Amino acid sequence: MDNLNNHMKLIKAKNLNIAYVGDFVNHGKSLATTGTPILLLLSEFTNIDTIDIYCPFLNENPEQIKLPSKIKVIESYKYDDAFSILKLIKLRKLNYDKIIFNLMPTAYGNSNIANMFGLLIPLILNKLFKMKNIVLVYHNSTFTNDIRKLGYNTFYDKIRGLILSQIEKILFKNIDTYVFLQLYKKRIDEKIGKNKVRYLNGRYLEAVTSIYFNNLKDNDKIIINDDSDIKILLHGSWGPQKNLELALKILYNLKIKGFSFKLRISGGINHHFPSYEAKFKDLLSKYSIIIDSYLGYVKEKDIYSLFVDTDLIILPYNTPGGHSGVLEQAMFYEIPTVAIDFPEYKEQSENVDFVTLTSQENLEKTVEEILLKLKRRKEIKIKSKIIETMNNMRELIL
């Protein structure tokens, strides 16, 4: 019966015109890593005619890319500019079959007013203009994450969190919303009761963009050529939610013990925490003796070559900010990974034998054990994973 219902939904969904609101490659900072692969995958569906992307204006130093012909980029607003964000109300006049908002509480920059307007836009369209074709993809929430551990720990942040929770509660009870963790669906259910939040499987999602931009999506697999150096990668958007110092300290200790490896650090500073940059630079300087290179921000196309040339990834988080994109990338590229044992990562890595979860206290011991028995992969499957992820994203248009 479920298969029949899904089949009927697909029949009704023929020739869809989709609108998307949120970050996209070269446009925005926070959620492009999820928004871009979602839209690339949706562009593969024959029952979708057009995808119009309402996104922030172009970033500095954009990478050169070629997008599918179905996708049209419409630069529509600026981060932290509440007035430009409010103009998204114009979507009420446009005839889309689905409007997908890619959201989190800080999706529109560092301005509280801009972020509030960004969350209110889909609510206004739904309640005031009676639009029932709106879907939210929501990443973290006051109901799913401890905002204090994420770095928002002032009295003002507490008041802001209380207001935000009321807005989120109304959103979740009125608009179809997808979260990438069953754990988060459960937490929301427990805290607000009946709602319209559903689970969407995000397995491998953040790895898709680089595969597309390297024209590899139709390859069954790629062959890995090993060299003599073990390469360890610390990758992410760096801020107080990650414990970079712990990772550097334990890797320094392992060097002292005689382990041989090359250490690369990549990723920029989380733009919500610009003050963290000074500490970040201090750490790079303090542990420069073991750091072979700091790559800074890595463009989407270059993610592929970086991850293919990595033998071990360490995720030294203080607290999870939600579904981990770096973990999904690591699993796509089948890289042995050591992460802190949080429920989010336990769910994401279920049945993945090359991901090891541990405590911060046991991180050094765990990494040492992994290095002693490390076996390098010979090949990486690609096409089957792309198909799996594409089928998961189908849920957004049913």
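In every chain, residue numbers begin from 1 and rise along the written sequence. Reporting of local features is limited, given that this is a predicted model, to residues whose pLDDT is at least 70; pairs of side-chain atoms are given and counted only at 80 or more, and all residues count toward the totals for whole chains, interfaces and linings. In computing side-chain values, all of the structure's heavy atoms are included and hydrogens and water are not.

(A) Structural context of the overall build of the chain. A run of DSSP states H or I qualifies as a helix once it reaches four residues; a run of E qualifies as a strand once it reaches two. Both are numbered from the N-terminal end. Scanning the chain for helices and strands turns up 14 helices and 15 strands. Throughout, the radius of gyration refers to the C-alpha atoms, and the reference size of a globule is 2.2 Å times the residue count to the power 0.38. In summary, the chain has a C-alpha radius of gyration of 21 Å against a globular reference of 21 Å for 398 residues, a match within 12%. By its C-alpha atoms, the chain is 65 × 50 × 45 Å across when sized along the principal axes. Note on exposure labels: buried denotes an accessible area under 20% of the residue type's maximum, exposed denotes more than 50%, and partly exposed covers the range between, all computed with a 1.4 Å probe on protein chains only. Counting across all 398 residues of the chain, residues that qualify as buried make up 55%. Any pair of residues with heavy atoms lying within 4.5 Å of one another is described as a contacting pair. Expressed as a percentage of contacts within the chain between residues at least 6 apart in sequence, the contacts between residues at least 24 apart total 75%. About 18,300 Å² of surface is accessible on the chain, with carbon and sulfur atoms providing 51% of the total. Each accessible area is a Shrake-Rupley estimate made with a 1.4 Å probe; only the visible protein chains count as cover when residues are assessed.

(B) Looking closely at the sheet that holds strand E2 (residues 48–56). If you walk across this open sheet you meet the seven strands as E3-E2-E1-E4-E5-E6-E7, and the pairing is parallel. Strands at the two margins of the open sheet, each flanked by one partner only, are strand E3 (71–77) and strand E7 (197–199). Strand-to-strand twist of the sheet, defined as the mean angle between neighbouring strand axes without regard to direction, takes the value 25°. Two strands pair if DSSP finds at least two bridges between them. By the bridge criterion, five bridges tie strand E4 (residues 98–103) to strand E5 (residues 134–138) in an arrangement that is parallel. Along E5, the bridge assignment pairs Ile99 with Ile134. Axes, fitted as lines to C-alpha atoms, cover a helix only where it is in contact. Angles between the N-to-C directions of the axes lie from 0 to 180 degrees. Its contacts with the sheet place helix H4 (residues 112–127) against E4 and E5, and it is angled at close to 155° to E4.

(C) Inspection of the packing of aromatic side chains at higher detail. Any two of the Phe, Tyr and Trp rings considered here, Trp counted by its six-membered ring, make a pair once their centres fall within 6.5 Å; the pair's planes then place it as stacked at under 30 degrees, edge-to-face at over 60, or tilted in between. In the structure shown here, the tally under the stated rule is 14 aromatic pairs. Where Tyr204 meets Phe332, the ring centres are 5.8 Å apart and the plane angle is 85°; that geometry is what we call edge-to-face. One end of the pair, Tyr204, is in the loop between E7 and helix H7 (208–213); the other, Phe332, is in helix H11 (residues 325–332), and 128 residues separate them in sequence. For the pair Tyr204 and Phe332, one class covers both residues: buried. Ring geometry for Tyr252 against Tyr287: centres 6.3 Å apart, planes inclined by 70°, an arrangement best described as edge-to-face. Of this pair, Tyr252 sits in helix H8 (residues 244–256) while Tyr287 sits in the loop between helix H9 (276–286) and strand E11 (293–296), and the two are 35 residues apart along the sequence. Throughout this description, the term charge over a ring refers to an Arg CZ or Lys NZ atom that lies within 6 Å of the ring centre and within 35 degrees of the ring normal. Across the ring face of Tyr317, the terminal group of Lys242 is positioned such that the distance to the ring centre comes to 4.8 Å. Here Lys255 stacks its cationic end above the ring of Phe261, 4.6 Å away from the centre of that ring.

(D) Up close: H8. Given a helix with a known number of residues, its expected span is that number minus one, times 1.5 Å. The end-to-end C-alpha distance of H8 is 19 Å, a good match for the 18 Å that 13 residues give at a rise of 1.5 Å each. Those residues of H8 that sit buried are Leu244, Leu246, Ala247, Leu248, Ile250, Leu251 and Leu254. Buried residues belonging to H8 abut strand E9 (231–235), strand E10 (262–266), H9, strand E12 (312–315) and helix H13 (363–372). Positive phi appears at Gly258, one or two residues downstream of H8, with a value of about 110°.

(E) Structural view of empty space enclosed by the protein. Cavities and pockets were defined on a 1 Å grid built from protein atoms only: a cavity is a group of points that admits a 1.4 Å probe but offers it no way out, a pocket is an open group of points flanked by protein on both sides within 12 Å along at least five of seven lines, and a lining residue is one with an atom within 4 Å of any such point. Grid points are joined across faces, edges and corners, and a volume is the space filled by probe spheres set on the points. Per the counting criterion, the structure on display carries one cavity of 30 Å³ or more. Within this model, the largest cavity holds a volume of roughly 30 Å³. For the lining of the largest cavity, a count of residues per class yields five nonpolar, two polar and no charged. Each residue gets one of three labels, nonpolar for Ala, Val, Leu, Ile, Met, Phe, Trp, Tyr, Cys and Pro, charged for Asp, Glu, Lys and Arg, and polar for the others, Gly among them.

(F) Layout of unusual backbone geometry. Backbone geometry places Asn61, a non-glycine residue, at a positive phi of 55°. Mapped onto the elements of the fold, Asn61 is located in the loop between E2 and E3. Looking at Asn61, the relative accessible area reads 66%, which means it is exposed.

(G) Here's a closer look at the side chain of Arg203. Mapping Arg203 onto the fold places it in the loop between E7 and H7. Nitrogen and oxygen atoms within 3.5 Å of one another constitute a polar contact, given that in protein one can donate a hydrogen and the other can accept it, and given that sequence-neighbouring residues count only through two side-chain atoms. Looking at Arg203, its side chain comes within polar contact range of the main-chain oxygen of Gln348, at 2.5 Å. In this structure, Arg203 is in contact with Glu328, Met331, Gln348, Ser349, Glu350, Val352, Glu388, Thr389 and Asn392, ignoring residues within four places of it in sequence.

(H) Structural context of the pattern of salt bridges. Salt bridge criterion: a side-chain nitrogen from Lys or Arg within 4 Å of a carboxyl oxygen from Asp or Glu. A complete count under the given rule lists 19 salt bridges for this structure. Close ionic contact of Asp311 with Arg376 constitutes a salt bridge, the shortest N to O distance being 3.3 Å. Linking Asp311 in the loop between helix H10 (300–308) and E12 with Arg376 in the loop between H13 and strand E15 (379–381), this pair joins segments that are 65 residues apart in sequence. Given a relative accessible area of 9%, Asp311 falls into the buried group. Judged by its relative accessible area of 22%, Arg376 is partly exposed.

Keep in mind that these numbers describe shape and distance, not what the molecule does.
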